[in-house]
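Observations on the three-dimensional arrangement
Below, each chain spelled out in residue letters.
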Amino acid sequence: MTATIADIMQTSAVIPVLVIEDAALARPLAEALVAGGLRVLEVTLRTGAALEAIAEMKKVEGAIVGAGTVVNTRQFAEVMDAGAEFIVSPGLTERLATPIIESGVPFLPGIANAADIMTGLDLGLTHFKFFPAEASGGLKALKALAAPFYQARFCPTGGITEASAPEWLAFKPVLCVGGSWVTGGTMAEIEMKARAANALRG
């Protein structure tokens with residue numbers, strides 16, 4: 001059975017948001033994160049190494065590798081060729097969403113307001129990335145948005161820290177958070193940060 005975006009979001013408390021400049025580092029990084037318990041990895045398309053990094057990380061047993069910062073259908077096709085298992089976008093447009101939904105690949109589109117969520121619901125989506133989380137009003141804003149959209153579930157990303165993550169995760173509609181704080185340092189340090197992040201849900 002193919003995993004749904006809900007399954008993926010509930011796999012780990014934290015989804016590392018990865019900006020990889022050197023594809024040679026991709027596999028060791030994935031190994032460290034997975035060893036620490038963070039199996040869901042979002043490789044952002046912010047660098048020229050991203051597509052190769054996705055392919056390298058896919059070789060790590062237990063890793064669930066997705067593509068982030070997907071903003072158009074050309075990129076969608078490229079990341080699927082690279083083996084991406086889920087798609088994350090910073091925003092939501094019908095033009096991008098429709099082919100992704102039709103393909104059946106798990107999709108986590110970015111939303112920042114009520115209109116975005118309504119667009120997503122119209123497309124049959126119920127799971128969203130709240131982005132940029134802190135700049136869009138933080139947890140207070142998400143609580144206000146989640147009230148009328150009781151069926152929606154969220155992965156806040158953008159400005160989330162190890163210190164603030166537990167408060168976000170304590171809010172029931174939040175299934176996981178996205179964060180980059182786990183990715184700095186040596187591979188041993190990254191594995192240790194991943195273990196701590198994975199324990200945040202309690």
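Every value quoted in this text rests on a predicted model; they were computed, and no experiment measured them.

1. With respect to the packing of helix H2 (residues 26–35) against helix H3 (residues 50–57)
At a minimum axis separation of 8 Å, H2 and H3 run at an interaxial angle of 50°. In this view, H2 runs oblique relative to H3, as classed from their interaxial angle. H3 is crossed by H2, and the crossing has right-handed handedness. Two secondary-structure elements touch here, H2 through Ala26, Arg27, Leu29 and Ala30 and H3 through Ala53, Glu56 and Met57. Residues belonging to the contact of H2 with H3 are distributed by class as follows: 5 nonpolar, no polar and 2 charged.

2. Thoughts on the side chain of glutamate 42
With respect to the helices, strands and loops of the structure, glutamate 42 is situated in strand E2 (residues 40–44). Residue glutamate 42 is classed as buried on the basis of its relative accessible area of 4%. Setting aside its immediate chain neighbours within four residues, glutamate 42 contacts Ile15, Pro16, Val17, Leu18, Gly66, Ala67, Gly68, Thr69, Phe86, Val88 and Lys129.

3. Description of the packing of aromatic side chains
Describing an aromatic ring pair means giving the distance of the ring centres and the angle of the ring planes. In total, this model carries 2 aromatic pairs according to the counting rule given. For the pair phenylalanine 128 and phenylalanine 154, a centre-to-centre distance of 6.3 Å together with 35° between the ring planes defines the contact as tilted. Of this pair, phenylalanine 128 sits in strand E6 (residues 127–130) while phenylalanine 154 is found in strand E7 (residues 153–156), placing the two residues 26 residues apart along the sequence. The residues phenylalanine 128 and phenylalanine 154 share a single accessibility class, namely buried. Arranged with centres 6.3 Å apart and planes meeting at 50°, the rings of phenylalanine 130 and tryptophan 168 form a pair that is tilted. In this pair, phenylalanine 130 sits in strand E6 while tryptophan 168 sits in helix H8 (residues 165–169), placing the two residues 38 residues apart along the sequence. The exposure class assigned to phenylalanine 130 is buried, which follows from its relative accessible area of 0%. On the accessibility criterion, tryptophan 168 (2% relative accessible area) is buried. One cation-aromatic arrangement involves lysine 129 over phenylalanine 131; the distance from NZ or CZ to the ring centre is 4.6 Å. Over the face of the ring belonging to phenylalanine 171 we find lysine 143, whose NZ or CZ atom lies 5.6 Å from the ring centre.

4. Notes on the pairing of strand E3 (residues 64–68)
The side chains of a regular strand alternate, residue by residue, between the two faces of the sheet. In terms of burial, E3 is a largely internal element, 5 of the 5 residues being buried. Of the pairings in the sheet, the one linking E2 to E3 comprises 5 bridges and is parallel in character. Across the sheet, threonine 44 pairs through a bridge with glycine 68, a residue of E3. Remark: the E2/H3/E3 crossover connection has right-handed handedness.

Calculation criteria
All chains use their own residue numbering, which begins from 1 and follows the written sequence. Per-residue local features of the predicted model are confined to residues with pLDDT of at least 70, and side-chain atom pairs are confined, for both listing and counting, to 80 or more; whole-chain, interface and lining totals are unaffected and use all residues. Only hydrogens and water are set aside; all other atoms, that is, all heavy atoms of the structure, feed into the side-chain values. Angles here are taken between N-to-C directions and fall from 0 to 180 degrees, while the axes themselves are lines fitted to C-alpha atoms, restricted in helices to the stretch in contact. Numbered from the N terminus, helices here are DSSP runs of H or I no shorter than four residues, and strands are runs of E no shorter than two. For this classification, under 35 degrees means roughly parallel, over 145 means roughly antiparallel, 65 to 115 means roughly perpendicular, and everything else is oblique. The sense of a crossing depends on the near helix, which, turned anticlockwise from the far helix by less than a right angle, makes the crossing left-handed and, turned clockwise, makes it right-handed. Two residues qualify as a contact provided that any one of their heavy atoms is within 4.5 Å of a heavy atom in the partner residue. When residue character is reported, Ala, Val, Leu, Ile, Met, Phe, Trp, Tyr, Cys and Pro are called nonpolar, Asp, Glu, Lys and Arg charged, and the others, Gly included, polar. Remark: exposure states derive from per-residue accessible area (1.4 Å probe, protein chains only) relative to the maximum for the residue type, with buried under 20%, exposed over 50%, and partly exposed in between. Pairing of aromatic rings covers Phe, Tyr and the six-membered ring of Trp, with a centre-to-centre limit of 6.5 Å; geometry is then stacked below 30 degrees between planes, edge-to-face above 60, and tilted otherwise. Think of it as a cone above the ring: NZ of Lys or CZ of Arg counts as a charge over the ring if it is within 6 Å of the ring centre and within 35 degrees of the ring normal. We call two strands paired when DSSP finds no fewer than two bridges between them. Orienting the strands away from the viewer, one traces the path from the first strand over the helix to the second; a clockwise path indicates a right-handed crossover.

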